[in-house]
Amino acid sequence: MSEKFKRAVLFSGGGTRLMIYLGMYAALEEMDMKPDLLIASCGGAFAATVINAFSDTISRKEYLKSEEYFRFVSGTVLTKHKKLSQIGLFSLQKILDKRNAPYIEDVFSRYLVEMPQDLTEVFPSLKNVRFSKEIPTVIIGSEIIFDPKEAGQERNRRKLYRKIILTDQKTAVKINPEQIIIPSENMMNSAVERLPVVKTDLSLLESTRISVSDMFYVEPFFLHGKYFAGGAIDLIPAELAHHLADKIIIEKKQTYSSVEEAFVRAVLGFSGNERLSEIEKFPVNFKIDTTHIKQDLKGHYLKKGINWGKLEIDFSFPKTYEQFAEDMEMQWQYGFDQIMKSICR
């Protein structure tokens, strides 16, 4: 059996939490509790990439306050599915249908946010970032194991997605997929294959593009003839963390909204909130509470709402670079403070 890592931190989801995670990481470093393993999913994968790309807190923070990152955020384009006649009606249908993935959902053409397939186009500073030996990192994603032409057909209990664990070769040796199968009935009856697969042949930015490909939000990633989807397949991989590390720092997240829960159920065939309840029972060393993040950072955190004049979904982005930089500073400080509160009490 390979020797375990001493301490793992999990950064799980939320494309707008990047700076919060950098603040958390900086606080752990300051308290001499720097993790020797990063496990990340969805938006947390981007934070992990930035941590790997830059060697210290100041340069990491400066990157997320840079013009490069601001251009990406302020240039966000929503698709035609932002119209309430599209996403609103579709969401309502999914909320009302309580079945677990009765159909093969079309995640290829129905999504809300445009994102390049190749992230080096928008993040040239991160172009050459590889999984490093200095900061062992694991990123969660999924492989789509059905053909896009099958979208719309009945699932008939087929498995449609396979969890993939993206990392470097040295870390991969420590992972035994048989020992991290999620045993709950919630997952066993889902559209997700029970046995995950470990991959070591992708860059950090490619792995991040996979992990952020959230259902109905971002288009799947196409690479080497295969389609990949997001880290929502295992947003908080507690079993993997226990498998790899002696001590675990985890985030206590707010529950899925009715729409989020409905989308997870429709695509992946399990209950996201049941999964969160399962994770609550896991013994962990520190739990960082971010359940009130939207209230605590109100006015300084991305807000998704409805523009009733245009009858469409609307995202509230900072109007100026100065406002953006201020918001990012406040988000970093929030992450830093939440670590201090959770660990020092």
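The residue numbers shown here count from 1 along each chain, following its written sequence. Local features in a predicted model are, by the rule used here, given only for residues with pLDDT of at least 70; side-chain atom pairs are given and counted only at 80 or more, and totals for whole chains, interfaces and linings are based on all residues. For the side-chain quantities, the full set of heavy atoms in the structure was used; hydrogens and water were omitted.

J.: Tell me about the pairing of strand 1 (residues 5-12), and name the residues and values.
T.: In terms of burial, strand 1 is a largely internal element, 7 of the 8 residues being buried. Of the strand pairs in this sheet, strand 1 and strand 2 (residues 37-41) are connected by 5 bridges, and their pairing is parallel. Note on strand 2: the bridge partner recorded for serine 12 is serine 41. The buried label applies to any residue whose accessible area, calculated with a 1.4 Å probe on protein chains only, is under 20% of its type's maximum; exposed applies above 50%, and partly exposed to all values in between. The secondary structure listing takes helices from DSSP runs of H or I that are at least 4 residues long and strands from runs of E that are at least 2 residues long, numbered from the N terminus. DSSP calls a pair of strands paired once it identifies at least 2 bridges connecting them.

J.: An account of the layout of surface pockets is needed here, citing residue identities and associated values.
T.: One way to see where empty space is left: roll a probe the size of a water molecule over the atoms. The way it works is a 1 Å grid over only the protein atoms, where trapped points that fit a 1.4 Å probe form a cavity and open points with protein on both sides within 12 Å along at least five of seven lines form a pocket, and then any residue with an atom within 4 Å of a point lines it. Grid points are joined across faces, edges and corners, and a volume is the space filled by probe spheres set on the points. Of the voids in this model, the second largest pocket is the one considered here, and its volume is about 160 Å³. Lining the second largest pocket are 16 residues, and of these Lys252, Lys253, Leu276, Ser277 and Glu280 lie nearest its centre. Of all elements in the fold, only strand 8 (245-252) and helix 11 (272-280) reach the threshold of two or more residues within the lining of the second largest pocket. It is helix 11 that provides the largest number of residues to the lining of the second largest pocket, a total of 5 residues. Each residue gets one label: Ala, Val, Leu, Ile, Met, Phe, Trp, Tyr, Cys and Pro are nonpolar, Asp, Glu, Lys and Arg are charged, and the others, such as Gly, are polar. When the residues that make up the lining of the second largest pocket are grouped by side-chain class, the tally is 6 nonpolar, 5 polar and 5 charged.

J.: Would you mind going over the pattern of salt bridges in detail, with residue names and values included?
T.: Each reported salt bridge corresponds to a side-chain nitrogen of Lys or Arg within 4 Å of a carboxyl oxygen of Asp or Glu. Counted under the stated rule, the structure contains 19 salt bridges. A salt bridge links lysine 94 to glutamate 105; the shortest N-O distance between them is 2.7 Å. Of this pair, lysine 94 sits in helix 5 (residues 84-96) while glutamate 105 sits in the loop between helix 5 and strand 3 (137-144), and the two are 11 residues apart along the sequence. A relative accessible area of 13% places lysine 94 in the buried class. Across the salt bridge formed by lysine 149 and aspartate 147, the nearest N and O atoms sit 3.5 Å from each other. The exposure class of aspartate 147 is partly exposed, given its relative accessible area of 33%.

J.: Talk me through the packing of aromatic side chains; I want residue IDs and the actual numbers.
T.: Ring pairs are drawn from Phe, Tyr and Trp, using the six-membered ring of Trp, whenever the two centres fall within 6.5 Å, and their geometry is named by plane angle: stacked under 30 degrees, edge-to-face over 60, tilted for the rest. Overall, the coordinates contain 19 aromatic pairs when judged by the stated rule. Ring centres 5.8 Å apart and planes at 80 degrees place the aromatic pair phenylalanine 146 and tyrosine 161 in the edge-to-face group. With phenylalanine 146 in the loop between strand 3 and strand 4 (161-166) and tyrosine 161 in strand 4, this residue pair connects regions lying 15 residues apart in the sequence. Looking at phenylalanine 146, the relative accessible area reads 5%, which means it is buried. With a centroid separation of 4.8 Å and 70 degrees between ring planes, the pair formed by phenylalanine 216 and phenylalanine 263 is classed as edge-to-face. Linking phenylalanine 216 in the loop between helix 8 (204-211) and strand 6 (221-223) with phenylalanine 263 in helix 10 (residues 258-268), this pair joins segments that are 47 residues apart in sequence. Each residue in the set Phe46, Tyr69, Phe70, Phe72, Phe123, Tyr321 and Phe324 is aromatic and connected to the rest through ring pairs, giving one cluster. Above the face of the tryptophan 332 ring, lysine 61 is positioned so that its terminal group lies 3.7 Å from the ring centre. Counted as over-ring charges are cases with an Arg CZ or a Lys NZ within 6 Å of the ring centre that also lie within 35 degrees of the ring normal. Directly above the ring of phenylalanine 5 sits lysine 174, whose terminal nitrogen or CZ lies 5.1 Å from the centroid.

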